[in-house]
Amino acid sequence: MSDVKNSPGQYGERMDTQKLETQLRERTRQVSDESPGPRSTVATEGSEGTEGTEGTEGTEGTDTSMDAATGERRGEVAHTTPHAIDVILRSAHAAAVLLAATSPKTRAIWLNTIGACLTINREELVHIAGEETGLGADRLRSELAKAVTSLRFYADVALEGSYLGASSETLAQDSTLARWNIPIGPVAVFGASNFPFGFGMIGHDVASALGAGCPVVAKAHPAHPRLSVRLGELVGEALVEAGAPDGAYSWVVGFDAGLRLIDAPEVQAVAFTGSQAGGMAIRRRAEARGIPVYAEMGTVNPVFVTPAAARDHAEEIAAGFAASFTLGVGQFCTKPGLLFTPAGSGILHAVRRELALLPTAPMLTTAIAAGYRSGIDQLAAAARTTSESTPGETPTVAPRVFSVLLDDLQPGSRLLEECFGPVALVCEYDTVDRALDAISRLQPALAASVFTGEATDADGDAAVRRLLPRVGRVALNAWPTGVATSWSQQHGGPWPATSRPEATSVGAGALGRFVRPVALQNAPSDLLPPALQPGNPWQVPRRIDGLLMPVPLP
């Protein structure tokens, strides 16, 4: 996924997070003193068995925890039994009514409590994540801190209340109509391997669903099963501490468990972050029930460099491109994968020079690294060059860049498909018009960048206009890998980048995935939701007789 940055919220009554963390630490000590020991779903090497928590006991399958750097087996996590999944789903279904009736302030308290719980357990989580992902302690601490800030942001979005779309009007002397958004019910979340804290057992999908008032059932990722289980335990404990009802949050383990979630009549939507193959498989399976699948999958994100930008900033652009597409060993869905630059600019040569200075690095798993090597060979064949991919069966790989021609970029070409990892293409163009025509042949993407000259640059304007219908976000004179968690963010795009082009998985708009509009005609005030009752007890923006009635900022 993306390198998620966060913006602090501005609305609502933010809890004193330092006070909350202190209270949770004290409560954790009390529980530790009173309890004979934590229950665990993890059987580490040398242990005699697996003690099961609810949802995992008595099952036959397991997910194996592997050290991403060494390949060492770190333990196993038991799969959730069908009976336990049924119990979880019934609990989530029962909780849906209770969550829908809670105030945004109550949900904000839940999200802030989760954030405080993750903060006080930060080092334990970073240690487990470091073993299973190989992303490094600094990167993981940063990601976890951003996930906590995101939780606070979505708490603020819930408090602000515009996602409710509350509106009422008088149609005639004796006729009224009210419209607002209600939570859709239980949501299944399938997280990503590359952002264990940002998208998974907790993160944008879980936080926005809870903020909208929907129970969540999260599926543990097989690439980091021990971390998934521990995150699930902590989120559950935090919600209990905050007074959330049973069933507000649950988790399952195992491939078959994930299939049962998709098929379950209790589940009303699925959020997925990962590969195009995985996202489309979930979408096809869910089509039988007609529920929405919000799959964020990613494709090749293009970058267009105008002649003026190449003339003024060639070295800077080359260095930035190399740093951006190799960031996180190229394992971001917002990785820039194809750069258009004027012929003779020297940018391709400069990118190669930058890559020569970079060391090899481990990917998330040996399987992902094997997929990268296979992709390198395929790209090399399509680009009519040699692959020179890093040999072996370890997760360690080397970054690569390929030179391609405009005429090579044709529908159906392997060059237009994503290769997950630190590889990118550079296409030198002779005329701007031909390059823009090639952009129109690309698959739609999550994001794009356009680099322009210092003054007014008509070529840059033309590139932006050509890209906007085909991507979710265009960054001007910036790389697409940074995604701010903010009120105006759009992290999505047309198919096949996502399964729902109208949705975003990051930012305030993310709550909109998990609500649906209803209308009530000729209702007495006591039947209206708090958002539309006299006095506006939730203090949210609303539209009355066509006029927007904003709530003054505190």
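So, here's what we can say about the structure. (Residues numbered from 1 in each chain as written. Predicted model: local features only at pLDDT ≥ 70, side-chain atom pairs only at ≥ 80, totals over all residues. Heavy atoms only, no water.)

Assigned secondary structure in the chain consists of 14 helices and 23 strands. For the chain, the residues scored as buried account for 54% of the 554 residues in total. Only carbon and sulfur atoms are counted for the fraction: they give 52% of the accessible area of the chain, which is about 22,900 Å². (Helix = DSSP H or I, 4+ residues; strand = E, 2+ residues; numbered from the N terminus. Buried < 20%, exposed > 50% of the residue type's maximum accessible area, 1.4 Å probe, protein only. Areas by Shrake-Rupley, 256 points an atom, 1.4 Å probe, with all protein chains shown as cover.)

Turning next to the environment of His349. Looking at where His349 falls in the secondary structure, it is placed in helix 11 (residues 347-356). Overall, His349 belongs to the exposed group, its relative accessible area being 56%. The sequence separation of His349 and Glu315 amounts to 34 residues, and the corresponding C-alpha distance is 9.8 Å.

The omega torsion of the bond from Trp495 to Pro496 falls at 10°, within 30 degrees of zero and hence cis. The residue Pro496 is located in the loop between strand 20 (482-485) and strand 21 (515-521) in this model. Phi at Asn477 is positive, roughly 55°, even though this residue is not glycine. Within the secondary structure, Asn477 sits in the loop between strand 19 (471-476) and strand 20. Positioned with a positive phi, Asn536 is a non-glycine residue whose angle comes to about 50°. Looking at where Asn536 falls in the secondary structure, it is placed in the loop between strand 21 and strand 22 (542-544). Owing to a relative accessible area of 7%, Asn536 belongs among the buried residues under this scheme.

Between its terminal C-alpha atoms helix 12 (residues 366-382) stretches 24 Å, which fits the 24 Å expected from 17 residues at 1.5 Å a residue. Within helix 12 the residues assigned to the buried category are Ile368, Ala369, Tyr372, Arg373, Gly375, Ile376, Leu379 and Ala380. Buried residues of helix 12, seen end-on, are gathered within an arc of 165° and therefore sit on one face of the element. Among the exposed residues of helix 12, those pointing more than 90 degrees away from its buried face are Ala367 and Ala381. Check the buried side of helix 12 and you find it contacts strand 15 (396-397), strand 16 (400-404) and strand 17 (423-429). The first or second residue beyond helix 12 is Arg384, which carries a positive phi of 55°. (Expected span 1.5 Å × (residues − 1). Arc of directions from axis to C-beta. Contact = heavy atoms within 4.5 Å.)

In the case of a regular strand, side chains alternate between the two sheet surfaces. Across five bridges, the pairing between strand 3 (residues 62-66) and strand 4 (residues 73-78) is antiparallel. Its bridge partner lying in strand 4, Asp63 is registered against Val77. Hairpin connection of strand 3 to strand 4: six residues between the antiparallel strands, including Gly71 at a positive phi of 80°. (Pairing = 2+ DSSP bridges.)

A word on the sheet that holds strand 6 (residues 175-183). If you walk across this open sheet you meet the five strands as 21-6-5-22-23, and the pairing is mixed. Whereas interior strands pair on both sides, the edge strands pair on one side only; in this sheet they are strand 21 and strand 23 (547-549). Strand-to-strand twist across the sheet, computed as the mean angle between neighbouring axes with direction ignored, equals 25°. Two strands pair when backbone bridges link them, and strand 22 and strand 23 are joined in this way by three bridges, in the antiparallel orientation. Paired with Ile544 across the bridge in strand 23 is Leu547. (Axes fitted to C-alpha atoms, helices over the stretch in contact; angles between N-to-C directions.)

Moving on to the pattern of salt bridges. The final tally for this structure, using the stated rule, is 22 salt bridges. Across the pair Asp263 and Arg285 runs a salt bridge, and its minimum N-O distance is 2.7 Å. Pair noted here: Asp263 is in helix 8 (residues 255-263) and Arg285 is in helix 9 (residues 276-286), with a separation of 22 residues, a long-range link. A relative accessible area of 37% places Arg285 in the partly exposed class. The closest approach of N and O atoms between Asp430 and Arg434, which form a salt bridge, is 3.2 Å. The exposure class of Asp430 is exposed, given its relative accessible area of 53%. By relative accessible area, which is 33% here, Arg434 ends up partly exposed. Through salt bridges that share partners, Asp67, Glu72, Arg74, Glu131 and Arg226 make up one connected network. (Salt bridge = Lys/Arg side-chain N within 4 Å of Asp/Glu carboxyl O.)

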